[in-house]
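Below are the chains, spelled out letter by letter.
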Amino acid sequence: MQLGMIGLGRMGQNMVVRLARAGHELVVNDRSAEVIVRTRARVQSETDGRADAAPALADLVAGLTPPRAIWLMTPAGVVDGLIADLAPLLQSGDVVIDGGNSHYVDDIRRARALTPQGIHYVDVGTSGGVWGLERGYCLMIGGPEAAVRRLDPIFKALAPGRGGLPATPGREARRNSTAEEGYLHCGPVGAGHFVKMVHNGIEYGLMAAYAEGLNVIKHANVGKNGREAASAEVTPLRHPEHFQYDFDLTEITEVWRRGSVVASWLLDLTASALAEDPELSRVKAEVPDSGEGRWTLLAAIEEGVPATVLSASVYQRFSSRGADEFAYKALQAMRRKFGGH
């Protein structure tokens, strides 16, 4: 099947290579001519397929046979501009796929704007990161049934497939479900990005839990400082003898990977990071948030459902970037004023 790919960053380029390996025909575009050249070279060296270069959007559209399928793998902030430039070049029956991390509300708006031209819009929450080339990508899809069905060969090639993972015990077999293949049509426009949004919100919470737990283990040797380190303004450690442990986090994360209830791919990645740099000395203690965690909280508020852990994990990221510095200053100023605790 033919596919145009716009955006050849860390994920987009790997997706092109994976699709070429599966025999799909690619036409590729990126704002960087150098990245286009590099992507074509990778396809030629790593696959038996080919990827045609499209320096401009008009070249990409001209290189595809109608009805066209064009996948946008770009930051959410540039999608509207891209669609505005693409739409006049497209025709009825073409489909635009947004595989980035757009807000699902934007998907609904974009689909409505394209409908009068007969252009279909499909949103695909894409999980897998830089490992997706070999592991495959978990795809959460929203959009009209016919358009999604037509794109099935693309989704199937990108997804992990069943691999060696058995079906969930007790799960009722569903003849038409693709969930066990690693991709799923979740519902109408916006549904894919809604599910991916919550997926990333959960990811925030999981990552925060691992990080906080490892931090507790790392500081289990605080008792070795002794009572002489006590401060008149800080509650003293009552039993220093209870906190005399020097734990090796590299070894602990490794043993957790094997048979533990908290084993996961995120833990695998954590263990790998610690093996490379046990003190994480090359990592800045600042954590960005790309939007999905915030959007998940907004949805929870609108729905009136609690999301306590996810909320805490989002605010933790704000704290890591120093956004609470003034609050700490205000706390200390108040404390000094009343001379207290």
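(A) Expanded view of the overall build of the protein. The helix and strand inventory of the protein stands at 14 helices and eight strands. Reported as C-alpha extents along the three principal axes, the dimensions of the protein are approximately 75 × 45 × 45 Å. The proportion of buried residues among the 341 residues of the protein is 39%. Residue pairs at least 24 apart in sequence account for 68% of intrachain contacts in the protein once pairs closer than 6 positions are excluded. If you sum the accessible surface of the protein, you get close to 19500 Å²; carbon and sulfur atoms cover 57% of it. Side chains of the protein carry 36 positive and 40 negative charges; the gap between the two charge centres is 1 Å.

(B) The sheet that holds strand E2 (residues 25-29), seen in detail. Spatially, E3-E2-E1-E4-E5-E6-E7-E8 is the arrangement adopted by the eight strands of the open sheet, whose pairing is mixed. Single-partner strands in this sheet number two, and they are strand E3 (51-53) and strand E8 (183-187). Between one strand axis and the next, the sheet turns by 25 degrees as a mean value, whatever way the strands run. Sheet topology places strand E5 (residues 95-98) next to strand E6 (residues 120-127); four bridges connect them, and they run parallel. In the strand pairing of E6, Asp98 is matched with Asp123.

(C) Spotlight on the packing of helix H10 (residues 249-256) against helix H11 (residues 265-276). Orientation of H10 relative to H11, taken along the N-to-C sense of each, is 155 degrees, at an axis distance of 9 Å. For the element pair H10 / H11, the angle class is roughly antiparallel. Along this stretch, H10 crosses H11, giving a crossing that reads as left-handed. Counting all contacts with H10, which are made through Leu249, Thr250, Thr253, Glu254 and Trp256, the residues of H11 involved are Leu267, Thr270, Ala271, Leu274 and Ala275.

(D) Up close: the layout of surface pockets. Taken as a whole, the second largest pocket spans an internal volume of roughly 270 Å³. Lining the second largest pocket we find 15 residues, and of these Asn176, Ser177, Thr178, Leu184 and His185 sit closest to its centre. Counting residues per element, the ones that place at least two in the lining of the second largest pocket are helix H7 (145-150), helix H8 (152-158) and E8. In terms of residue class, the lining of the second largest pocket is built from six nonpolar, four polar and five charged.

(E) The arrangement of the pattern of salt bridges in detail. Under the criterion given, the structure shown has 24 salt bridges. Residues participating in the shared-partner salt-bridge network are Asp80, Asp98, Asp106, Asp107, Arg109 and Arg110.

(F) View of the environment of Leu3. Summarising the element assignment, Leu3 is placed in strand E1 (residues 2-6). When neighbours within four sequence positions are excluded, Leu3 is seen to be in contact with Leu19, Glu25, Leu26, Val27, Leu64, Ala69, Ile70, Trp71, Ile97 and Ile154.

(G) Layout of unusual backbone geometry. The linkage connecting Pro66 with the following residue, Pro67, adopts the cis geometry, with an omega of -10 degrees. Looking at the secondary structure, you find Pro67 in the loop between helix H3 (57-62) and strand E4 (69-72). In this model, Leu280 sits at a positive phi of 50 degrees, which is unusual for a non-glycine residue. In this structure, Leu280 sits in the loop between H11 and helix H12 (292-303). We classify Leu280 as partly exposed; its relative accessible area is 36%.

(H) Examining a nonpolar patch on the surface more closely. The grouping of Tyr328, Leu331, Met334 and Phe338 at the surface amounts to a nonpolar patch, some 470 Å² of accessible area in total. Residue placement: Leu331 occurs in helix H14 (residues 325-338).

Reading the values: the criteria
Every chain's residues receive numbers from 1 upward, in the order its sequence appears when written. Only residues with pLDDT of at least 70 are given local features in this predicted model, and only at 80 or more are side-chain atom pairs given and counted; all residues enter the totals for whole chains, interfaces and linings. Note that water and hydrogens are dropped before the side-chain values are worked out from all heavy atoms of the structure. In DSSP terms, a helix is any run of H or I states spanning at least four residues, a strand is any run of E spanning at least two, and both are numbered starting from the N terminus. Only protein chains enter the accessibility calculation, which uses a 1.4 Å probe; a residue whose area is less than 20% of its type maximum is buried, one above 50% is exposed, and one in between is partly exposed. In this description, contact between two residues means that some pair of their heavy atoms is separated by no more than 4.5 Å. Only the protein chains shown count as covering a residue, and every accessible area follows the Shrake-Rupley method with a 1.4 Å probe. Counting rule applied: Lys, Arg positive; Asp, Glu negative; His and chain ends not counted. Each charge is placed at NZ for Lys, CZ for Arg, CG for Asp and CD for Glu. We call two strands paired when DSSP finds no fewer than two bridges between them. Angular values range over 0 to 180 degrees, each being the angle between N-to-C directions of two axes fitted as lines to C-alpha atoms, with helices fitted over their stretch in contact. Roughly parallel refers to an angle under 35 degrees, roughly antiparallel to one over 145, roughly perpendicular to one between 65 and 115, and oblique to any angle outside these ranges. By the definition used in this description, the sense in which the near helix is turned from the far one sets the handedness, with an anticlockwise turn below a right angle giving left-handed and a clockwise turn giving right-handed. Throughout, the protein atoms alone are placed on a 1 Å grid, and a set of points is a cavity if a 1.4 Å probe fits but cannot get out or a pocket if it is open with protein on both sides within 12 Å along at least five of seven lines; lining residues have an atom within 4 Å of a point. Grid points are joined across faces, edges and corners, and a volume is the space filled by probe spheres set on the points. Charged means Asp, Glu, Lys or Arg here, nonpolar means Ala, Val, Leu, Ile, Met, Phe, Trp, Tyr, Cys or Pro, and polar covers whatever is left, Gly included. Counted as salt bridges are all cases of a side-chain nitrogen of Lys or Arg within 4 Å of a carboxyl oxygen of Asp or Glu. Within this analysis, patches are made of residues with over 30% relative accessible area and no salt bridge. Like charges are joined at 9 Å or less; nonpolar side chains (Val, Leu, Ile, Met, Phe, Trp, Tyr) at 5 Å or less.

Interpretation in functional terms is not warranted from these geometric data alone.
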